[in-house]
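Overview (structure and organization)
One-letter residues, chain by chain:
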Amino acid sequence: MGTSVLPSLMKLFLDTANVSEIRTAADWGILDGVTTNPSLVAKEGRDFTEVLREISTIVNGPISAEVVSTTSPEMVAEGRKLAKIHKNIYVKIPMITEGLKATKALSSEGIRVNMTLVFSSLQALLAAKVGAAFVSPFIGRLDDIGQTGMEIIEEIKTIYDNYSFKTEILVASVRHPIHVKEAAMIGADICTVPFNVMEKLPHHSLTDVGLERFLKDWAKLSKKA
Ligand code: G3P
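Below is a short write-up of the structure. Just so we're clear, the structure is a prediction, and the values are computed from it rather than from any experiment.

1. Notes on the site of the ligand
The local shell around the ligand consists of Asp15, Asn37, Lys92, Phe138, Arg141, Ala172, Ser173 and Arg175. Contacts to the ligand include Lys92, whose side-chain N or O atom sits 3.4 Å from an oxygen atom.

2. With respect to the pattern of salt bridges
If you walk through the whole model with that rule in mind, you get 11 salt bridges. Its salt-bridge partner being Glu54, residue Arg46 comes within 2.7 Å of it at the nearest N-O pair. The partly exposed category is assigned to Arg46, whose relative accessible area is 29%. Given the relative accessible area of 22%, Glu54 is considered partly exposed. Connected via shared salt-bridge partners are Arg23, Arg46, Glu50 and Glu54.

3. Remarks on the pairing of strand E7 (residues 168–171)
The sheet contact formed by strand E6 (residues 134–137) and E7 spans two bridges and is parallel. Across the sheet, Phe134 pairs through a bridge with Glu168, a residue of E7. Two strands pair when backbone bridges link them, and E7 and strand E8 (residues 190–193) are joined in this way by two bridges, in the parallel orientation. Its bridge partner being in E8, Leu170 is matched across the sheet by Ile190.

4. Quick look at the sheet that holds strand E3 (residues 63–66)
With respect to topology, eight strands assemble into a closed barrel ordered E1-E2-E3-E4-E5-E6-E7-E8, the strand pairing being parallel. Averaged over all neighbouring strand pairs, the angle between strand axes comes to 30 degrees, with direction disregarded. In terms of strand pairing, strand E4 (residues 89–94) meets strand E5 (residues 113–118) through four bridges, oriented parallel. Looking at E5, one finds that Pro94 is bridged to Thr116. Sheet contacts for helix H3 (residues 48–58): strand E2 (33–35), E3 and E4; angle to E3, the most-contacted strand, approximately 170 degrees.

5. Some remarks on helix H5 (residues 97–108)
With 12 residues, H5 extends 17 Å between its outermost C-alpha atoms, agreeing within 8% with the 16 Å of an ideal straight helix rising 1.5 Å per residue. Listed in full, the buried residues belonging to H5 are Gly99, Leu100, Ala102, Thr103 and Leu106. Mapping the buried residues of H5 onto a view down its axis gives an arc of 165 degrees, with all of them on the same face. Turned more than 90 degrees away from the buried face of H5, the exposed residues are Thr97, Lys104 and Ser108. Its buried side turned inward, H5 meets helix H4 (72–85), E4, E5 and helix H6 (121–129).

6. A short note on the nonpolar core
Counting 60 residues, the largest nonpolar core has Ile93, Met115, Tyr160, Val171 and Cys191 as the members making the most contacts within it. Ignoring any residue separated from it by four or fewer positions in sequence, one finds Met115 in contact with Ile93, Pro94, Met95, Gly99, Leu100, Thr103, Ala127, Val130, Ala132, Phe134, Val135 and Ser136. Core analysis: the next-biggest nonpolar cluster, separate from the first, contains seven residues, Tyr90, Phe138, Leu170 and Ile190 among them.

7. Focus: the pairing of E6
Neither face of E6 is exposed, since Phe134 and Ser136 on one face and Val135 and Pro137 on the opposite face are all buried. The sheet contact formed by E5 and E6 spans three bridges and is parallel. Each residue of the ladder has a partner; that of Val118, found in E6, is Pro137.

8. Focus on the packing of aromatic side chains
On inspection of all chains with the given rule, the structure shows six aromatic pairs. Each ring, one from Tyr90 and one from Phe134, has its centre 4.5 Å from the other, and the planes form 10 degrees; the classification is stacked. With Tyr90 in strand E4 and Phe134 in strand E6, the pair connects residues that are 44 residues apart, well separated along the chain. Of the two residues, Tyr90 and Phe134, both sit in the buried class. Taking 5.5 Å as the distance between ring centres and 65 degrees as the angle between the ring planes, the aromatic pair formed by Phe119 and Phe138 counts as edge-to-face. In this pair, Phe119 sits in the loop between E5 and H6 while Phe138 sits in the loop between E6 and helix H7 (139–144), placing the two residues 19 residues apart along the sequence. Using a relative accessible area of 28% as the deciding quantity, one classes Phe119 as partly exposed. Take Phe138: its relative accessible area is 7%, and that puts it in the buried class. Every member of this aromatic cluster is reached through a ring pair, and the members are Phe13, Tyr90 and Phe134.

Rules used throughout
- Residues numbered from 1 in each chain as written.
- Predicted model: local features only at pLDDT ≥ 70, side-chain atom pairs only at ≥ 80, totals over all residues.
- Heavy atoms only, no water.
- Near = heavy atom within 4 Å.
- Polar contact = N/O pair within 3.5 Å; in protein donor to acceptor, adjacent residues only side chain to side chain.
- Salt bridge = Lys/Arg side-chain N within 4 Å of Asp/Glu carboxyl O.
- Buried < 20%, exposed > 50% of the residue type's maximum accessible area, 1.4 Å probe, protein only.
- Pairing = 2+ DSSP bridges.
- Helix = DSSP H or I, 4+ residues; strand = E, 2+ residues; numbered from the N terminus.
- Axes fitted to C-alpha atoms, helices over the stretch in contact; angles between N-to-C directions.
- Contact = heavy atoms within 4.5 Å.
- Expected span 1.5 Å × (residues − 1).
- Arc of directions from axis to C-beta.
- Core = buried A, V, L, I, M, F, W, Y, C linked by side-chain atoms within 4.5 Å.
- Phe/Tyr/Trp six-rings, centres within 6.5 Å; stacked < 30°, edge-to-face > 60°.

This is the structure:
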């Protein structure tokens, strides 16, 4: 009889640099990590290192921090600095040829890289070949231009399974709960979601109606007693 290997559960990350959103989701007990990007950090208007340190006190899981340089030597230097901030930092590197070089160099030093701005399964294949820990395909931005973003998640899953790549598929640029459900059905490793999507996940109108009815019926019983 063969031994069965249980798949790990899809991890849920918050796609934000807002610490109050991170605290709220962490309190719900469903938060496994955080992804940031330069736009999200700029929105907060705070010192980047300070924000990353604060996030690391709230979440005990991967925290992605992106480089803003575009040549391999500069990205490697920036990545090393970011990785020193906390043991849970994953360095986000853009999918460009200089980024491939930087990812290979950082990965060989044991620094975990999240290759970002990925829009095709071929780009994801390259990310895995250079040793990225995570690959971030941007689903919503593909949907925005009339392509079905989730299709590339299926393709990446097939390619990674074909060759037993260890790179984890991190579904990014998520716009609504259906993206989260589809990511889980495909078997993606991680889904990173903005706070407005995260707060929708536990809700269903029938849950609210059902709870209201249970409580009303219970109150009638206590009046009778
Ligand atoms: O953090 C990367 C990605 O999730 C960005 O999403 O909504 O700006 O396309 P969005």
